Amino acid sequence: MGLNYWLMKSEPDTFSIDDLKKSPKQVTAWEGVRNFQARNFLRDQFQVGDLAFFYHSSCKVPAIVGIMEVIRTGLPDLTACDPKSPYYDPKSSMAAPRWYLVELKLKEKFNTPITLSALKMNPKLSKMRLLQRGNRLSILPVSQTEWRTILNML
DNA sequence: GCCAACGTTGGC
DNA sequence: GCCAACGTTGGC
């Protein structure tokens, strides 16, 4: 099986691509995913070497702002075990982790973000999951064709 | 701040 | 297992 492509949303007020750029080694643990479908992607389908778009959501100009590479997978999200964390989940435990995360390294920050409205205007992307009505998943698979189409928009 | 759409919870 | 109520997401 080949490598996968993903789109990962983050609210820039919480964690932006510049925060990632400033992180040690430009690596981050993508913590706080609390949706089962997204969790299943993280736990079961992410592979080392996969590439992911960094997407800024819930902000003035929602956009793809860069590319990350998956460097570690299948790690339990221990913020679920920390009562002081906003991501605390009493139903998770060290012995039986409920939530997982991956580690990502910044590959590229785009000089010009690819905005949501630009994505919507590209007829080749009409089937993209991000653009489907009512989509709320914070982690979405991207097809290889979509990935290439989007890179061609840079 | 609004609201459509969706996910989760919990009573039955 | 159903489904109403509630909470969250996220664009606008």
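Per an unreviewed UniProt entry, the recorded name for chain A is EVE domain protein, and the organism is Candidatus Berkiella aquae.

Some details on the pattern of salt bridges
For the coordinates displayed, the defined rule picks out six salt bridges. Here Lys109 makes a salt bridge to Asp18, at a shortest N to O gap of 2.9 Å. Remark: Asp18 occurs in helix H1 (residues 17-22) and Lys109 occurs in strand S5 (residues 100-115); sequence separation between them is 91 residues.

Re the sheet that holds strand S4 (residues 63-76)
Strands sit in the order S2-S5-S4-S3-S1-S6 across an open sheet of six strands; the sheet is mixed. Of all strands in the sheet, those with a lone pairing partner are strand S2 (27-29) and strand S6 (139-142), marking the two edges. Neighbour-to-neighbour, the strand axes of the sheet open up by a mean angle of 35 degrees, direction not taken into account. Sheet topology note: the strand S1 (residues 5-10)/S6 ladder contains four bridges and is antiparallel. Directly across from Tyr5, in S6, lies its bridge partner Val142. Packed on one face of the sheet, helix H2 (residues 36-45) meets S1, S4, S5 and S6 and runs near 110 degrees to S5. Its contacts with the sheet place helix H4 (residues 144-151) against S1, strand S3 (51-56), S4, S5 and S6, and it is angled at close to 60 degrees to S3.

Remarks on the layout of surface pockets
Remark: the empty space left among the atoms is shown by a probe the size of a water molecule rolled over them. By volume, the largest pocket amounts to about 570 Å³. Of all the secondary-structure elements, those providing two or more residues to the lining of the largest pocket are S1 and S2. Its residues assigned to classes, the lining of the largest pocket shows six nonpolar, eight polar and five charged.

Details of the protein's contact with DNA strand B
The environment of DNA strand B is made up of Asn35, Phe36, Gln37, Lys91, Arg133, Gly134 and Arg136. In DNA strand B, atoms within 4 Å of the protein come from the sugar-phosphate backbone in 76% of cases. Here Arg133 contributes a side-chain N or O atom positioned 2.5 Å from a phosphate oxygen of DNA strand B. In this structure, Arg136 approaches DNA strand B through a side-chain N or O atom, which is 2.6 Å from a base oxygen. Residues that form the surface near DNA strand B fall into these classes: one nonpolar, three polar and three charged.

Procedures and definitions
Per chain, residue numbering runs from 1 following the sequence as it is written. Both sets of labels track the order of writing: A upward for chains, 1 upward for ligands. Per-residue local features are limited, in this predicted model, to residues with pLDDT of at least 70; the limit for side-chain atom pairs, both in listing and counting, is 80 or more; totals at the level of whole chains, interfaces and linings are taken over all residues. The side-chain quantities take in all heavy atoms of the structure and omit both hydrogens and water. Only one rule defines a salt bridge in this text: a Lys or Arg side-chain nitrogen within 4 Å of an Asp or Glu carboxyl oxygen. Strands are runs of DSSP state E lasting at least 2 residues, helices are runs of H or I lasting at least 4, and numbering of each runs from the N terminus. Only when DSSP finds a minimum of two bridges between them are two strands counted as paired. Working convention: axes come from line fits to C-alpha atoms, limited for helices to the stretch in contact. Angles between N-to-C directions cover 0 to 180 degrees. Only heavy atoms enter the contact rule, under which two residues are in contact if any of them lie within 4.5 Å. Definitions used for this entry: grid spacing 1 Å over protein atoms alone; cavity, a set of points where a 1.4 Å probe fits but cannot get out; pocket, an open set with protein on both sides within 12 Å along at least 5 of 7 lines; lining residue, one with an atom within 4 Å of a point. Grid points are joined across faces, edges and corners, and a volume is the space filled by probe spheres set on the points. Residue polarity is assigned by list, with Asp, Glu, Lys and Arg as charged and Ala, Val, Leu, Ile, Met, Phe, Trp, Tyr, Cys and Pro as nonpolar; anything else, Gly included, falls into the polar class. When we say a residue is near a molecule or strand, we mean one of its heavy atoms is within 4 Å of it. Pairs of N or O atoms are called polar contacts if they sit within 3.5 Å, as long as, within protein, a hydrogen donor faces a hydrogen acceptor (for residues adjacent in sequence, only side-chain-to-side-chain pairs).

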